[in-house]
Amino acid sequence: MIFDVTRHKFSEAILTLLFFAAAATMGAMWLFPVSDTILGGAEAPLAGYIAEFQQTYPALSALLLGLLYIYMVVVLSRSTVRVAMYPVTTLSAFAVTSVLLFGALSSGSYLPLAVCALFVVEAFSRLMHCFRPSLQAHYLFSAMVALGALPLFDKSFVALVVILPIFVLIIRATLRETVLTILGLLIPTFIYCYVVWLLGGDFGDSFMAVWCDNLVSSHLSLAEYLTIPRLVYLGVVMFMQLLTSVLYFATPLSLGTGAREVWRVLQFAMVVLLVSLLAVPAASPALVVAMTLLSATMIPLLLQYASAINSVLAYLILILVTFAPLLA
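Owing to the predicted nature of the structure, the values given are computational and were not obtained by experimental measurement.

Draft legend 1. Structural detail: a nonpolar patch on the surface. On the surface, Leu175, Val179, Leu183, Ile187, Phe190, Ile191, Tyr194, Val195, Trp197, Leu198, Leu199 and Phe203 cluster together into a nonpolar patch covering about 1,200 Å² of accessible area. Take the nonpolar patch: its biggest share by element is 10 residues, from helix H8 (residues 175-198). Tracing the chain through its elements places tyrosine 194 in helix H8.

Draft legend 2. Looking closely at the packing of helix H11 (residues 228-250) against helix H14 (residues 308-322). The N-to-C vectors of H11 and H14 enclose an angle of 150 degrees; their axes lie 9 Å apart at closest approach. Classed by the angle they form, the pair H11 and H14 counts as roughly antiparallel. In the packing of H11 onto H14, the handedness of the crossing is left-handed. Across from Tyr233, Val236 and Met240 in H11, the residues of H14 making contact are Ala314, Ile317, Leu318, Val321 and Thr322. Here the contact of H11 with H14 is composed, by residue class, of seven nonpolar, one polar and no charged.

Draft legend 3. The arrangement of the pattern of salt bridges in detail. Overall, the coordinates contain one salt bridge when judged by the stated rule. The partner of arginine 126 in a salt bridge is glutamate 122, with the nearest N and O atoms 2.9 Å apart. Linking arginine 126 with glutamate 122, this pair stays in helix H5 (residues 110-127), spanning four residues, or about one helical turn. Using a relative accessible area of 27% as the deciding quantity, one classes arginine 126 as partly exposed.

Draft legend 4. Looking closely at the layout of surface pockets. Volume-wise, the second largest pocket comes out at about 200 Å³. Forming the boundary of the second largest pocket are Met238, Gln241, Leu242, Ser245, Gln267, Met270, Val271, Leu274 and Met291. Only H11 and helix H12 (257-279) provide two or more residues apiece to the lining of the second largest pocket. When the residues that make up the lining of the second largest pocket are grouped by side-chain class, the tally is six nonpolar, three polar and no charged.

Draft legend 5. A look at the environment of histidine 138. Tracing the backbone through its elements, the reader meets histidine 138 in helix H6 (residues 137-153). Spatially, the C-alpha atoms of histidine 138 and leucine 180 are 8.9 Å apart, while their sequence positions differ by 42 residues.

Draft legend 6. Representation of the packing of aromatic side chains. Inspection of every chain in the model, using the stated rule, returns 13 aromatic pairs. Considering the side-chain rings of phenylalanine 190 and tyrosine 194, the 6.2 Å spacing of their centres and the 10 degrees angle between planes classify their relative orientation as stacked. Residue phenylalanine 190 and its partner tyrosine 194 are located together in helix H8, separated by four residues, close to a single helical turn. Among the residues examined, phenylalanine 190 registers a relative accessible area of 49% and is labelled partly exposed. In this structure, arginine 230 packs its charged tip against the face of tyrosine 225, placed 3.9 Å from the ring centre.

Draft legend 7. Structural context of H5. With 18 residues, H5 ought to run about 26 Å at 1.5 Å a step, and its terminal C-alpha atoms sit 25 Å apart, in line with that. Along H5, 16 of the 18 residues are buried, which leaves the element largely enclosed by surrounding structure.

Draft legend 8. Structural view of unusual backbone geometry. The phi angle at alanine 84 is positive, at roughly 55 degrees, despite the residue not being glycine. Its location among the elements puts alanine 84 in the loop between helix H3 (58-82) and helix H4 (92-105). Overall, the relative accessible area of 44% leaves alanine 84 in the partly exposed class.

Draft legend 9. Region of interest: the environment of histidine 129. With respect to the secondary-structure elements, histidine 129 resides in the loop between H5 and H6. Accessibility expressed as a relative area gives 5% for histidine 129, which makes it buried. In this structure, the C-alpha to C-alpha distance between histidine 129 and serine 276, residues 147 residues apart in sequence, is 26 Å. Setting aside its immediate chain neighbours within four residues, histidine 129 contacts Ser79, Arg82, Val83 and Tyr139.

Draft legend 10. Summary view of the packing of H6 against helix H7 (residues 158-171). As a packed pair, H6 and H7 sit with axes 8 Å apart at the nearest point and diverge in direction by 150 degrees. On the basis of their axis angle, the class for H6 and H7 is roughly antiparallel. Every residue of H7 that contacts H6 at Met144, Leu147, Gly148, Leu150 and Pro151 is listed here: Val158, Leu160, Val161, Leu164 and Pro165. The class makeup of the residues in the contact of H6 with H7 is nine nonpolar, one polar and no charged.

Basis of the calculations
- Residues numbered from 1 in each chain as written.
- Predicted model: local features only at pLDDT ≥ 70, side-chain atom pairs only at ≥ 80, totals over all residues.
- Heavy atoms only, no water.
- Patch = residues over 30% accessible without salt bridge, like charges linked within 9 Å, V, L, I, M, F, W, Y side chains within 5 Å.
- Areas by Shrake-Rupley, 256 points an atom, 1.4 Å probe, with all protein chains shown as cover.
- Salt bridge = Lys/Arg side-chain N within 4 Å of Asp/Glu carboxyl O.
- Helix = DSSP H or I, 4+ residues; strand = E, 2+ residues; numbered from the N terminus.
- Axes fitted to C-alpha atoms, helices over the stretch in contact; angles between N-to-C directions.
- Parallel < 35°, antiparallel > 145°, perpendicular 65-115°, else oblique.
- Left-handed = near helix turned anticlockwise from the far one by under 90°.
- Contact = heavy atoms within 4.5 Å.
- Nonpolar A, V, L, I, M, F, W, Y, C, P; charged D, E, K, R; others polar.
- Buried < 20%, exposed > 50% of the residue type's maximum accessible area, 1.4 Å probe, protein only.
- 1 Å grid on protein atoms, 1.4 Å probe; cavity = no way out; pocket = protein on both sides within 12 Å on 5 of 7 lines; lining within 4 Å.
- Points joined across faces, edges and corners; volume = space filled by probe spheres on them.
- Phe/Tyr/Trp six-rings, centres within 6.5 Å; stacked < 30°, edge-to-face > 60°.
- Lys NZ or Arg CZ within 6 Å of the ring centre and 35° of its normal.
- Expected span 1.5 Å × (residues − 1).

See the structure below:
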């Protein structure tokens, strides 16, 4: 196995992914710390169903985590290659995403976090395709649908769902794209409210249940999630992300216009997520998972520009710290 991920071939990338997907599945069965899920006033409408499914079918949930793990890493990493995010084509995003996602999902509430991660991956992997010279409308629409579905599973994403589309429209603002964005964002909430109404509930109250009540405790406890080992993991990831951002802004890069716009969206989303984590009372561990996923798409740039020995050392450090949350 080559530890310089910038030189990984497809076979090595897949082996790394399969190893961590299997580790996540086994960890969900036997190793992840047991969590007492905190159900508070900010619980998203569908979050309880996911947590109940995990408690009722633990073995099936663990297997589902492994399948979602593979799908998310492949979809997100493939998008970084297709939009040419880095000056030199590399498959390092496969390995980096595989490694970092394990540390973020190593929790007793792994299935609710994995479902949120799935919608984050769908939203951003599709957004990456929206900055080509000729926009394919279905990418923008499906990205907004995935983004709009996030508050149904975790209300701490409300700020991201409201602010990020505005930023995207500022970059590419046409009437058609504005209509697609608004419709995509509202469709998941409309479907949920319509189903509740069919079952005898109130349509307006259902809408408020999705987009309001963000000033009370979240359904997942940050205090329980952010243990000392996980803070070490998160600190290493955020430090590498900071170095990557400094490198991106300080170093002239041979990137296309579309790739630069992708970087702008990803870094803007990171800022929104970080502010939400620090400032929103309803903040939950799902924000940490989302930040980790976005960092995994950008950190390969740092590994590309580092020397071979520094790149290997950084990758080994990421592997070590991603297992740190298991020590809690």
